[in-house]
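# Topology and contacts: notes
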Amino acid sequence: MFITAGISSYLMLKESYHFTFENPNPGSKADWNSTGTSRFLFSIASISASYERDILPNVAIGIEPYVKIPVTGVGWSGLKLFSGEPLSQ
């Protein structure tokens, strides 16, 4: 068993956004694109816990649920990215 933690940075070479609105929004932009490079240093923290079990002398099987937590916003809109893996489905 072990627990890991880390932090990730993003380097975006290009960004492209498409907006959809639930209600009509006249005059609003529907798209935004950028070919400029954007950097988002230390923007996502990661935490995981793992359990492994040997099934053969050189083979192990394990599970490792994880969660990624936004530290800062990413991209033009400052999106708070969040992802994770459930323990069971």
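Here is a short report on the structure shown in this document. (Residues numbered from 1 in each chain as written. Predicted model: local features only at pLDDT ≥ 70, side-chain atom pairs only at ≥ 80, totals over all residues. Heavy atoms only, no water.)

Here we come to the overall build of the protein. In terms of regular secondary structure, the protein is built from 0 helices and 7 strands. What you see in the protein, going N to C, is helices and strands ordered as β-β-β-β-β-β-β. Contacts spanning at least 24 positions in sequence make up 50% of the contacts within the protein whose residues lie at least 6 apart. If you sum the accessible surface of the protein, you get close to 7,200 Å²; carbon and sulfur atoms cover 58% of it. (Helix = DSSP H or I, 4+ residues; strand = E, 2+ residues; numbered from the N terminus. Contact = heavy atoms within 4.5 Å. Areas by Shrake-Rupley, 256 points an atom, 1.4 Å probe, with all protein chains shown as cover.)

The next subject is the environment of Phe 19. Within the secondary structure, Phe 19 sits in the loop between strand E2 (15-18) and strand E3 (31-34). Note on Phe 19: relative accessible area 28%, which makes it partly exposed. For the pair Phe 19 and Lys 29, spaced 10 residues apart in sequence, the C-alpha to C-alpha distance is 7.6 Å. (Buried < 20%, exposed > 50% of the residue type's maximum accessible area, 1.4 Å probe, protein only.)

A few words now on the pairing of strand E5 (residues 59-63). Here strand E4 (residues 38-56) pairs with E5 via 5 bridges, running antiparallel. By the bridge assignment, Arg 53 is partnered in E5 with Ile 61. In sequence, E4 turns back onto E5 through a hairpin of 2 residues. (Pairing = 2+ DSSP bridges.)

For Phe 42, which is not a glycine, the phi torsion comes out positive at approximately 50°. Its location among the elements puts Phe 42 in strand E4.

Moving on, we come to the environment of Phe 21. You can see Phe 21 is positioned in the loop between E2 and E3. In contact with Phe 21, other than residues within four places in its own chain, are Ser 28 and Lys 29.

Relative to the helices and strands, Ser 38 resides in strand E4. Discounting chain neighbours no more than four positions away, the residues touching Ser 38 are Tyr 10, Leu 11, Met 12 and Glu 15.

A cluster of nonpolar residues, Ile 7, Leu 41, Phe 42 and Val 71, forms a patch on the protein surface that exposes about 410 Å² of accessible area. With respect to the secondary-structure elements, Leu 41 resides in strand E4. (Patch = residues over 30% accessible without salt bridge, like charges linked within 9 Å, V, L, I, M, F, W, Y side chains within 5 Å. Salt bridge = Lys/Arg side-chain N within 4 Å of Asp/Glu carboxyl O.)

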